[in-house]
Amino acid sequence: MDESGESDAITGIRLRAAREAAGLSLSALAARTHYSKALLGLLETGQRQVRPEHVTAYADALGIGSALFVESADGERAATEWIQRVAASDLGGDTLDRLELAVDDLAAGYPTTPPDELLMRIRQHLGYAGRLMDSRKTLAQHRRLLVSVGWLSLLASTCHIDLGETSAAAARGHLAWKLADEAGHREIAAWCLETRAWQQLTDGKFAAAAELSRAAYSLAPADSSAFIQATAQEGRALARLGDSKGTYGALRRVARLVAGLSTPNRPEHHFRYDPAKSDAYVATTLAWLGDPAAESYARHVLADLAGAESVRPRRIATANLDLGLALVAADKPDEAAHVALAAVESGRLVPSNYWRVSEVVSEIEGRGAPDAAIVREAFRDTYPVQP
């Protein structure tokens, strides 16, 4: 190797070390620099001449001085400057710890907090995180901050979906996706796709929901909550499409994934799969498929949730809707009206669930049950703002 080639190899090693220290993948850096992933790989392995504009692009993307990548007459001084730059930070030692704990608290509050209230709290923390973005940080701190903002944005997107705010949900979801890409965080990226799948499902776009669910679990780490949730989501979408074989296959895969799975330390956390949710998803999926077994599953879920109104009120409401739909299929419209009324009067339904109430009520009316009008009237009174 000639002198020029050796210099390129050394600079390439430094470029790669800086990128990896920042926690960025080649794909993420390619998005920041607008150079192709393939070219960046060649630069880092010394197979392509490193030009000044390449060094500048790395320096700008990583927020460090370009002089740190090139040969210096004083190698010791350059190395010392590099260490000082990487270690420099204006953030206190526990600043990011507190933010990460707050993110977990917000995610754990999702099942019991009205989405508009939770959204206000999320916005406050996003504002705080935005101010931290302007602070001097180490590369590791920068990635942790990106991850925290990614989770916050994703949770905000979920709240917007619950409120029926489609455009805002898409914008927040896109931001979470971009941050996940920058941070190289596959689980956040997978949750972005799963959340989008749920939105498509509530909009009646079942084929798109199934496709997004498959993309989500293809991207998710195999041992992650996102992988399980996306698999369950595919089953629900296939049920709406009337694909019995695909639905039962998805349910079997979920059963294998949760077998022996321990309960997380915060089971109410929105982004941590709670094995106790499994039967609830089965009940919903079978009810949508029209399988008679849905009735026993829904009753079992409600029995398990008895006395948990303060902890899982939203899950109880949706379990009643599942049971209502299953009872209609079992030709028990009067009891279906009773449990549907319980779901409505709980006051815990969110706009993304309104279509499910309308579906149950329409099915009850189709069976000629007189109580259907009572449920519809209670629905109008309890949720005056409806699509």
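These lines cover the structure that appears in this document, whether it is placed above or below. A quick note: this is a predicted structure, and the numbers were derived from the prediction, not measured. (Residues numbered from 1 in each chain as written. Predicted model: local features only at pLDDT ≥ 70, side-chain atom pairs only at ≥ 80, totals over all residues. Heavy atoms only, no water.)

Tracing the backbone shows Ala190 in helix H10 (residues 186–202). On a C-alpha basis, the gap between Ala190 and Ala180 in space is 9.2 Å, while along the polypeptide they are 10 residues apart. (Helix = DSSP H or I, 4+ residues; strand = E, 2+ residues; numbered from the N terminus.)

Here we come to helix H18 (residues 354–366). Relative to the 18 Å expected for 13 residues at 1.5 Å per residue, H18 spans 18 Å between its end C-alpha atoms, a close match to the ideal helical length. Along H18, the positions that sit buried rather than exposed are Tyr354, Arg356, Val357, Val360, Val361 and Ile364. The arc that holds every buried residue of H18, seen down its axis, measures 160°, which confines them to one face. Lining the buried residues of H18 we find helix H14 (277–289), helix H16 (313–329), helix H17 (333–345) and helix H19 (372–382). Looking one or two residues beyond H18, the residue adopting positive phi is Gly368, at roughly 75°. (Expected span 1.5 Å × (residues − 1). Buried < 20%, exposed > 50% of the residue type's maximum accessible area, 1.4 Å probe, protein only. Arc of directions from axis to C-beta. Contact = heavy atoms within 4.5 Å.)

The biggest cluster of nonpolar side chains holds 51 residues, and the ones touching the most others in it are Leu201, Val344, Leu349, Val357, Ile364 and Val375. Ranked by residue count, the leading element in this core is H16, at 9 residues. Beyond its immediate chain neighbours, meaning those up to four positions away, Ile364 contacts Val328, Pro333, Ala336, Ala337, Ala340, Ala369 and Ala372. Residues Tyr110, Trp151, Ala180 and Ala230 belong to the second largest nonpolar core, which totals 42 residues. (Core = buried A, V, L, I, M, F, W, Y, C linked by side-chain atoms within 4.5 Å.)

Attention shifts here to the packing of aromatic side chains. Evaluated as defined, the whole model comprises 6 aromatic pairs. Relative to Phe271, the ring of Trp191 lies with its centre 5.1 Å away and its plane at 75°, an arrangement referred to as edge-to-face. Here Trp191, found in helix H10, pairs with Phe271, found in the loop between helix H13 (244–258) and H14; they are 80 residues apart in sequence, far enough to count as distant. Here the two residues Trp191 and Phe271 agree in accessibility, since each one is buried. Judged by centre distance (5.9 Å) and plane angle (55°), the ring pair of Tyr217 and Phe227 falls under tilted. Here Tyr217, found in helix H11 (residues 206–219), pairs with Phe227, found in helix H12 (residues 225–240); they are 10 residues apart in sequence, far enough to count as distant. For the pair shown, Tyr217 and Phe227 are each scored as buried. Each residue in the set Trp151, Trp191 and Phe271 is aromatic and connected to the rest through ring pairs, giving one cluster. Its guanidinium or amino end placed over the ring of Trp288, Arg240 lies 4.9 Å from that ring's centre, counting from NZ or CZ. For Arg314, the ring lying beneath its charged end belongs to Tyr110, and the centroid distance is 4.7 Å. (Phe/Tyr/Trp six-rings, centres within 6.5 Å; stacked < 30°, edge-to-face > 60°. Lys NZ or Arg CZ within 6 Å of the ring centre and 35° of its normal.)

In this section: the side chain of His160. With respect to the helices, strands and loops of the structure, His160 is situated in helix H8 (residues 139–162). Side chain to side chain, His160 and Glu165 meet in a polar contact 2.6 Å long. (Polar contact = N/O pair within 3.5 Å; in protein donor to acceptor, adjacent residues only side chain to side chain.)

As a further point, take the pattern of salt bridges. For the coordinates displayed, the defined rule picks out 18 salt bridges. The shortest N-O distance in the salt bridge between Arg266 and Asp105 comes to 2.9 Å. Residue Arg266 is located in the loop between H13 and H14, and its partner Asp105 is located in helix H6 (residues 95–108); the two are separated by 161 residues in the primary sequence. Using a relative accessible area of 39% as the deciding quantity, one classes Asp105 as partly exposed. Note that Asp331 and Arg367 form a salt bridge whose closest N and O atoms lie 3.9 Å from each other. Taken as a pair, Asp331 in the loop between H16 and H17 and Arg367 in the loop between H18 and H19 lie far apart in primary sequence, 36 residues in all. On the accessibility criterion, Asp331 (56% relative accessible area) is exposed. According to the relative accessible area criterion, Arg367 is partly exposed, its value standing at 39%. The network of salt bridges with shared partners includes Glu295, Arg299, Lys332 and Glu335. (Salt bridge = Lys/Arg side-chain N within 4 Å of Asp/Glu carboxyl O.)

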